[in-house]
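Chain by chain, the residues:
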Amino acid sequence: MNEDVFNESLRRFLKRVGITSQREIEKAVRDAIEAGRLKGNEKLTAKMTLTIDAVGLKHEVTEDIALG
């Protein structure tokens, strides 16, 4: 395994996950506020699940996101 190639590829994947996830969360929260499903001062529990089937990886991260 080439560690440099692996590291670069992994960082690119994580950057893409971070950027696209942030956009999706922001859009969903704005839409929910506009629709009246949220007030804008809640704490939302978010859970991200990362899976890589080829190596048997399933990793979950749970965190509260405060809106106000």
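Note: the structure precedes this text.
Being a predicted model, the structure only gives us computed values, none of them experimental.

> Pulling in residues and values, what's your account of the overall build of the protein?
Within the protein, the regular secondary structure consists of 1 helix and 2 strands. Referenced to the eigenvectors of the C-alpha coordinate spread, the extents of the protein come out at roughly 50 × 20 × 15 Å. Burial statistics for the protein: of 68 residues in total, 6% are counted as buried. In the protein, the 12 positive side-chain charges and the 12 negative ones have mean positions that sit 4 Å from each other.

> Summarise the pattern of salt bridges; cite the residues concerned and give the values.
Opposite charge on two side chains makes pairing possible when the charged atoms of those side chains draw close. Tallied over the entire structure, the rule returns 3 salt bridges. The salt bridge involving Glu8 is made with Arg12; its shortest N-O contact spans 3.4 Å. Here Arg12 and Glu8 lie together in helix H1 (residues 3-34), a separation of 4 residues that amounts to about one turn. Since its relative accessible area comes to 52%, Glu8 is described here as exposed. Across the pair Lys58 and Glu60 runs a salt bridge, and its minimum N-O distance is 3.8 Å. Under the relative-accessibility criterion, Lys58 is labelled exposed at 59%.

> Explain the pairing of strand E1 (residues 43-52) residue by residue, including any values.
Relative to strand E2 (residues 57-66), E1 runs antiparallel, the two being bridged by 10 bridges. Along E2, the bridge assignment pairs Leu44 with Ile65. The hairpin formed by E1 and E2 contains 4 residues between the paired strands, and Gly56 there has a positive phi angle of roughly 70°.

Thresholds applied
Residues numbered from 1 in each chain as written. Predicted model: local features only at pLDDT ≥ 70, side-chain atom pairs only at ≥ 80, totals over all residues. Heavy atoms only, no water. Helix = DSSP H or I, 4+ residues; strand = E, 2+ residues; numbered from the N terminus. Buried < 20%, exposed > 50% of the residue type's maximum accessible area, 1.4 Å probe, protein only. Lys, Arg positive; Asp, Glu negative; His and termini not counted. Charge placed at Lys NZ, Arg CZ, Asp CG, Glu CD. Salt bridge = Lys/Arg side-chain N within 4 Å of Asp/Glu carboxyl O. Pairing = 2+ DSSP bridges.

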